[in-house]
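Chain by chain, the residues:
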Amino acid sequence: MKIERVYSAGIYRKIMDAEPSQKKEIYRYDMMMPFKGKWDCYHIPMKAEKPGGYDILMAGDMLGFLPPEKIGESCRKWIETIDDEGLWNQWEKTIRTALERFEKKGIALPVQEYKYSVLLANPENPYISLCDGYSGDGGIPGYIMGWMIPSEETIRRMPAALAHETNHNVRYQFIRWSNDVTLGEMLVSEGLAENYAVSMYGEELLGPWVTKTDKELMPLIKEIMFEALGVQGFDNITSYLYGDEMARRQGFIEVGVPYCAGYATGYYMIKYFLQKTGLDIEKATILPAGEILKEVTEFWTEDI
């Protein structure tokens with residue numbers, strides 16, 4: 001198994017020292033180009049056909065990456081923080097351990113080459129604020145990313161986030177992604193990923209996408225989620241996953257749930273499934289959502 005890092009710290013130093021006119025191109029081709037296979041799957045062009053058009057810079061801004069034009073002397077401390085061989089070794093070890101756990105359970109991974117990086121997050125992005133300064137993406141097999149506003153707490157939590165994203169990376173080597181994805185699949189997927197992170201790092205590092213949801217609201221949230229399990233398409237399920245506040249910001253219809261209620265529902269649902277069935281989280285990760293949902297019919301009416 002090959003795990004290759006894209007050493008963002010060195011690229012950020014290059015951008016920091018570059019002339020303003022050069023920053024975007026260095027970012028585009030040095031930082032983002034190694035992940036082109038990932039961006040292609042999301043239909044994100046590296047460069048827009050027309051000035052101001054949709055491209056990797058605009059997409060990165062929406063995801064909460066620190067934009068290249070903001071990478072200057074004021075970012076030096078953040079860049080120095082992640083310019084740490086020990087951190088990168090820890091992050092790579094997390095990913096390798098998370099992948100090898102599947103192989104030790106007899107699950108042969110079709111993908112044997114991976115690229116990963118940890119980027120700087122934009123503190124002005126509302127999504128990053130809601131996520132307490134860190135996030136990640138691992139949905140395209142072979143590519144794993146995290147991004148954060150460097151601090152003692154986000155550095156402490158990044159390994160758990162990478163474990164979460166690695167679980168996604170494995171699942172979608174076996175489960176075919178569709179643009180018509182259902183809310184049921186996303187609840188299962190996010191629940192598996194966060195339970196996997198907890199299995200490696202404990203509930204102490206449970207993400208804010210779960211812990212910020214008031215358990216007293218879960219009966220109502222579960223009722224709303226259950227009625228919407230068959231809703232299809234990412235535009236239609238975003239509000240359920242991320243909550244009304246994010247829905248308002250992105251122009252989606254509100255559905256009456258708080259921040260990341262879908263993530264919290266998925267976490268508790270998969271926790272219930274694992275306790276009920278006794279199945280290993282690794283083997284559960286590659287099951288179709290329908291098989292899992294059939295086993296959790298009681299979850300929707302039971303107290304957490």
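Residues numbered from 1 in each chain as written. Predicted model: local features only at pLDDT ≥ 70, side-chain atom pairs only at ≥ 80, totals over all residues. Heavy atoms only, no water.

### Concerning the overall build of the chain
Broken down by element type, the chain carries 16 helices and 4 strands. Its C-alpha atoms give the chain a radius of gyration of 19 Å, near enough to 19 Å, the size a compact globule of 304 residues would have. By principal-axis analysis of the C-alpha atoms, the chain measures approximately 60 × 45 × 35 Å. Buried positions account for 54% of the 304 residues belonging to the chain. Carbon and sulfur atoms make up 50% of the accessible area of the chain, which amounts to about 13,600 Å² in all. Across the chain, 33 positive and 46 negative side-chain charges occur, with their mean positions spaced 4 Å apart. (Helix = DSSP H or I, 4+ residues; strand = E, 2+ residues; numbered from the N terminus. Rg over C-alpha atoms; globule rule 2.2 N^0.38 Å. Buried < 20%, exposed > 50% of the residue type's maximum accessible area, 1.4 Å probe, protein only. Areas by Shrake-Rupley, 256 points an atom, 1.4 Å probe, with all protein chains shown as cover. Lys, Arg positive; Asp, Glu negative; His and termini not counted. Charge placed at Lys NZ, Arg CZ, Asp CG, Glu CD.)

### Digging into the sheet that holds strand β3 (residues 134-137)
Ordered in space as β1-β2-β4-β3, the 4 strands form an open sheet in which the pairing is mixed. In this open sheet, the two edge strands, each paired with only one partner strand, are β1 (2-5) and β3. On average, adjacent strands in this sheet sit at an angle of 15° to one another, irrespective of strand direction. Contacting β2 (113-120), β3 and β4 (143-148), helix α8 (residues 152-174) runs over the sheet at an angle of about 155° to β4. (Pairing = 2+ DSSP bridges. Axes fitted to C-alpha atoms, helices over the stretch in contact; angles between N-to-C directions. Contact = heavy atoms within 4.5 Å.)

### What about the environment of I281?
Its place among the elements puts I281 in helix α15 (residues 281-285). Expressed as a C-alpha distance, the spacing of I281 and K271, which sit 10 residues apart in the sequence, is 9.4 Å. Ignoring anything within four residues of it in the chain, the contact list for I281 reads R101, L192, N195, Y196, S199, I270 and L274.

### Comments concerning the nonpolar core
Judged by nonpolar contacts, the single largest core of 102 residues is most densely connected at M32, W39, W91 and M225. The residues touching M225, leaving out its near neighbours within four places in the chain, are L183, L187, Y240, V257, A261, G262, T265 and W300. (Core = buried A, V, L, I, M, F, W, Y, C linked by side-chain atoms within 4.5 Å.)

### Some thoughts on the packing of aromatic side chains
Counted under the stated rule, the structure contains 15 aromatic pairs. Centroid distance W88 to W91: 5.1 Å. Interplanar angle 70°. Geometry classified as edge-to-face. Of this pair, W88 and W91 are both found in helix α6 (residues 85-104), 3 residues apart, which corresponds to roughly one turn of the helix. According to the relative accessible area criterion, W88 is buried, its value standing at 0%. Each ring, one from F299 and one from W300, has its centre 5.1 Å from the other, and the planes form 75°; the classification is edge-to-face. Among the aromatic residues, those joined into a cluster by ring pairs are Y7, W88, W91 and Y116. Positioned above the aromatic ring of Y259 is the side chain of K212, whose terminal nitrogen or guanidinium carbon lies 5.4 Å from the ring centre. When the ring centre of F299 is taken as reference, the NZ or CZ atom of K222 above it lies at 4.2 Å. (Phe/Tyr/Trp six-rings, centres within 6.5 Å; stacked < 30°, edge-to-face > 60°. Lys NZ or Arg CZ within 6 Å of the ring centre and 35° of its normal.)

### As for the pairing of β2
Among the 8 residues that make up β2, 6 are buried, leaving the element largely enclosed by the rest of the structure. Relative to β2, β1 runs parallel, the two being bridged by 4 bridges. What sits directly across from K2, in β2, is E113. As paired elements, β2 and β4 share 6 bridges and run parallel to each other. What sits directly across from Y116, in β4, is I144.

### Quick look at helix α12 (residues 234-242)
Among all positions of α12, only I237, T238, S239, Y240, L241 and Y242 are buried. On its buried side, α12 packs onto α7 (126-130), α9 (183-201), α11 (218-227), α13 (244-250) and α14 (261-277). The first or second residue beyond α12 is G243, which carries a positive phi of 95°.

### Examining the pattern of salt bridges
Counted by the stated rule, this structure contains 23 salt bridges. Put simply, K70 and E124 hold a salt bridge, and the shortest N to O gap is 2.6 Å. One end of the pair, K70, is in the loop between α4 (56-63) and α5 (76-82); the other, E124, is in the loop between β2 and α7, with 54 residues separating them in the sequence. With a relative accessible area of 32%, K70 lands in the partly exposed category. What emerges from the salt-bridge pattern is a single network uniting E25, R28, K47 and D55. (Salt bridge = Lys/Arg side-chain N within 4 Å of Asp/Glu carboxyl O.)

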